[in-house]
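Fold and contact review
Residue strings, one per chain:
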Amino acid sequence: MGQKLKIAGWISIGAMAGALTTVQLQAVARGGLTPLPLEELQQLAAVFGMIKSDYVEPVDEKKLIGDAISGMVSSLDPHSAYFDKKSFKEFREGTSGRFVGVGIEISQEDGLVKVVSPIEGSPADRAGLKPNDLITRIDDTAVKGLSLNDAVKKMRGEPKSKVVLTIFRKDESRTFPVSIIREEIKTQSVRSKVIEPGYAWIRLSQFQERTVDDFVTKLEQIYKQDPNLKGLVLDLRNDPGGLLDAAVAVSSAFLPQNVTVVSTNGQLEESKFTYKAAPEFYQRRSGMDPLKRLPAALKTVPLIVLVNEGSASASEIVAGALQDHKRAVIMGTQTFGKGSVQTVRPLGPDTGIKLTTARYYTPSGKSIQARGIVPDVLVDDTADGSPFAALRTREADLEKHLNSGQGAEVKDVNREKAREEAMKRLDEEARKTPEQRRPPELGSDKDFQLAQAINKLKGKPVLVSKTALVEAKNEKKDN
């Protein structure tokens, strides 16, 4: 159990030419010794030698080997990656909640860097970057052809240094530069407020090392301000995930002791595991369990969980656990569908790989991968619907994504038509001013989905989705 928890702590949502031809090749796998394909490895060594001797310019050997490893790992799926010295350091900084950069969550689309969401309060957020913006250049470097890790490296830097990002904004059909001053990003992953007497809102923007402590502190503040809480909204919209143990802890705050939160399954024996709502499954350090500070009433307070297409990985674990145990009503739109486990494996003191090692399953045994969580109550982004929902990228849209492992994927035949209609609406939207296009801030009094969640808690009518019904029906039928 101890070894498994050490590994879980790193889970997020890891002279050659001569030697290869002269030694007996075997790889130490967890289950024993597995012979390696000698002929193919000899070919790899031969290519390495040709590049060293024949390429038009000298090539650094370490970089060549690093690029070979990176290509091998990144070819597996969208979430496996190689970490060199710098990117390994940056990955650790990211999970701790502190790093120097511009402050955006990113993915790849058509070889470009896509903004999933700017981190609230970050330089990128203040500069006006928006979800779905495409970064085409970083300073003088074209992004096309760069790996995601290389793009991240170029956007990271020293505090107070400047980086110029060239942005292509689809809904405005224009390209423009944005100058951003890098700074230390201290991501505040938890925000909260009492909306009105008896009803409160708590938002998790990411699952990091300090998220659980911050989560407990914010809930303590809520109950201090309003001890007679009648309903709570847990907001996981646009939360891309993070650390598994943090997700298990947040789920455990609302669930009965020792019930299943999530299970994982992969090739390795240690990847076949069930995480339960108990301290030994989420506590990294010795000492008092922070959840013990929470009031007992939290276990039974009426709970709404808000999710959307930007809710991924750890967010989906929490939503799936609370949904399966009927502890909360899930509201919003279908989640991203990242139901795979990434484990970081060190290769040396300062390099490593992030490798997909398992799939996640909800307590009822449903795979999240490439499916996501379908809300109990589908609610659009606005009172006028979710006009651009068909254009949003989900896990199932990513190249080389894993399937669910539970049968063939069901494609929505109406989605292409919906995309065409959404593109037409984008043209109309482009005529508006940037201020008119800016979506309401999550948690504000103009947040339509939050207002519907409060209505649900009060037993009032809820305006259900006008645009997400077909996709959701297909998903439920497939499950």
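Residues numbered from 1 in each chain as written. Predicted model: local features only at pLDDT ≥ 70, side-chain atom pairs only at ≥ 80, totals over all residues. Heavy atoms only, no water.

1. Quick look at the overall build of the protein chain
- The helix and strand tally for the protein chain stands at 14 helices and 21 strands.
- Put simply, the protein chain has 479 residues, and 48% of those count as buried. (Helix = DSSP H or I, 4+ residues; strand = E, 2+ residues; numbered from the N terminus. Buried < 20%, exposed > 50% of the residue type's maximum accessible area, 1.4 Å probe, protein only.)

2. Observations regarding the sheet that holds strand β13 (residues 199–204)
- The strand order across the open sheet formed by six strands is β12-β13-β14-β17-β18-β21, and the pairing between neighbours is mixed. Of all the strands in the sheet, the pair left with one neighbour each is β12 (190–196) and β21 (377–378).
- As defined by bridge partners, β12 adjoins β13 across six bridges and the pair is classed as antiparallel. Paired with Ser 192 across the bridge in β13 is Ile 202.
- Packed on one face of the sheet, helix α10 (residues 314–324) meets β14 (231–235), β17 (303–307) and β18 (329–332) and runs near 140° to β17. (Pairing = 2+ DSSP bridges. Contact = heavy atoms within 4.5 Å. Axes fitted to C-alpha atoms, helices over the stretch in contact; angles between N-to-C directions.)

3. Observations concerning the pairing of β17
- Among the five residues in β17, five count as buried, and that is most of the element.
- By the bridge criterion, four bridges tie β14 to β17 in an arrangement that is parallel. What sits directly across from Leu 232, in β17, is Leu 303.
- Bridge count between β17 and β18: four bridges; the pairing is parallel. Following the sheet pairing, Val 307 is matched in β18 by Gly 332.
- For the crossover that starts at β17, traverses α10 and ends in the parallel β18, the hand is right-handed. (Right-handed = clockwise from strand over helix to strand, strands pointing away.)

4. Observations regarding unusual backbone geometry
- Even without being a glycine, Ala 370 presents a positive backbone phi close to 60°.
- Within the element layout of this structure, Ala 370 appears in the loop between β20 (352–361) and β21.
- Judged by its relative accessible area of 9%, Ala 370 falls in the buried class.
- In this structure, Lys 400 takes a positive phi of about 65° despite not being glycine.
- Among the structural elements, Lys 400 can be located in the loop between β21 and α11 (415–429).

5. What about helix α4 (residues 61–74)?
- With 14 residues, α4 extends 20 Å from end C-alpha to end C-alpha; this agrees with the ideal 20 Å at 1.5 Å per step.
- Looking at α4, one finds that the buried residues are Leu 64, Gly 66 and Val 73.
- Where α4 is buried, its residues meet α3 (38–54), β3 (81–83) and β20.
- One side-chain oxygen at the N-terminal end of α4 lies 3.2 Å from the backbone nitrogen of Lys 62; it belongs to Asp 60. (Expected span 1.5 Å × (residues − 1). Polar contact = N/O pair within 3.5 Å; in protein donor to acceptor, adjacent residues only side chain to side chain.)

6. Re the side chain of Asp 447
- Mapped onto the elements of the fold, Asp 447 is located in the loop between α12 (434–437) and α13 (448–458).
- A polar side-chain atom of Asp 447 sits 2.8 Å from the main-chain amide nitrogen of Gly 443.
- Here Asp 447 is in contact with Arg 237, Glu 441 and Leu 442, once residues within four sequence places are set aside.

7. Some thoughts on the confidence of the model for the protein chain
- Per-chain confidence: the protein chain averages 84 in pLDDT, with 84% of residues scoring 70 or above.
- Here residues 1–31 is modelled with pLDDT under 50, and outside its nearest four sequence neighbours on either side it reaches 75 contacts, counting other chains as well.
- Predicted confidence for residues 469–479 stays below pLDDT 50, and this span has 22 contacts to residues more than four positions away or in other chains. (pLDDT = per-residue confidence, 0-100.)

8. Considerations on the pattern of salt bridges
- One pass over the full model with this rule turns up 19 salt bridges.
- A salt bridge links Asp 214 to Arg 210; its shortest N-O distance comes to 3.7 Å.
- Between Arg 293 and Glu 220 there is a salt bridge, and its shortest N-O distance comes to 2.9 Å. Remark: Glu 220 occurs in helix α8 (residues 211–225) and Arg 293 occurs in the loop between β16 (273–276) and β17; sequence separation between them is 73 residues.
- In this structure Arg 293 comes out as partly exposed when scored by relative accessible area, which is 34%.
- Via salt bridges that share partners, Asp 133, Arg 169, Glu 172 and Arg 174 belong to a single interconnected network. (Salt bridge = Lys/Arg side-chain N within 4 Å of Asp/Glu carboxyl O.)

9. Things to note about the nonpolar core
- Ranked by internal contacts, the top residues of the largest apolar core, which has 54 residues, are Phe 215, Leu 232, Leu 234, Phe 254 and Val 305.
- With eight residues, helix α9 (residues 244–254) is the single largest residue contributor to this core.
- Non-local contacts of Phe 254, meaning those with residues more than four positions away in its chain, are made with Phe 215, Leu 232, Leu 234, Leu 298, Lys 299, Leu 303, Leu 322 and Arg 327.
- Membership of the second largest hydrophobic core comes to 20 residues, among which are Val 115, Leu 134, Phe 176 and Val 178. (Core = buried A, V, L, I, M, F, W, Y, C linked by side-chain atoms within 4.5 Å.)

10. Section: the environment of Ala 277
- Inspection of the secondary structure assignment puts Ala 277 in the loop between β16 and β17.
- For Ala 277, a relative accessible area of 3% puts it in the buried group.
- With 28 residues separating them in the primary sequence, Ala 277 and Ala 249 have C-alpha atoms 7.2 Å apart.
- Excluding residues within four positions of it along the chain, Ala 277 makes contact with Ser 252, Leu 255, Pro 256, Gln 257, Asn 258, Val 259 and Val 261.

11. Quick notes on the packing of aromatic side chains
- Enumeration over the complete set of coordinates arrives at four aromatic pairs.
- Taking 5.8 Å as the distance between ring centres and 15° as the angle between the ring planes, the aromatic pair formed by Phe 83 and Phe 88 counts as stacked. Neither residue differs from the other here; Phe 83 and Phe 88 are each classed as buried.
- Plain terms: the ring middles of Phe 273 and Tyr 275 are 4.8 Å apart, the flat faces sit at 80° to each other, and that makes the pair edge-to-face. Summarising the burial analysis for this pair, Phe 273 and Tyr 275 share the class buried.
- Among the aromatic residues, ring-to-ring pairing joins Phe 273, Tyr 275 and Phe 281 into one connected group.
- Over the aromatic face of Phe 176 sits the side chain of Arg 174, whose NZ or CZ is 4.1 Å from the ring centroid.
- Stacked on the ring of Trp 201, the Lys or Arg Lys 193 has its end atom at 6.0 Å from the ring centre. (Phe/Tyr/Trp six-rings, centres within 6.5 Å; stacked < 30°, edge-to-face > 60°. Lys NZ or Arg CZ within 6 Å of the ring centre and 35° of its normal.)

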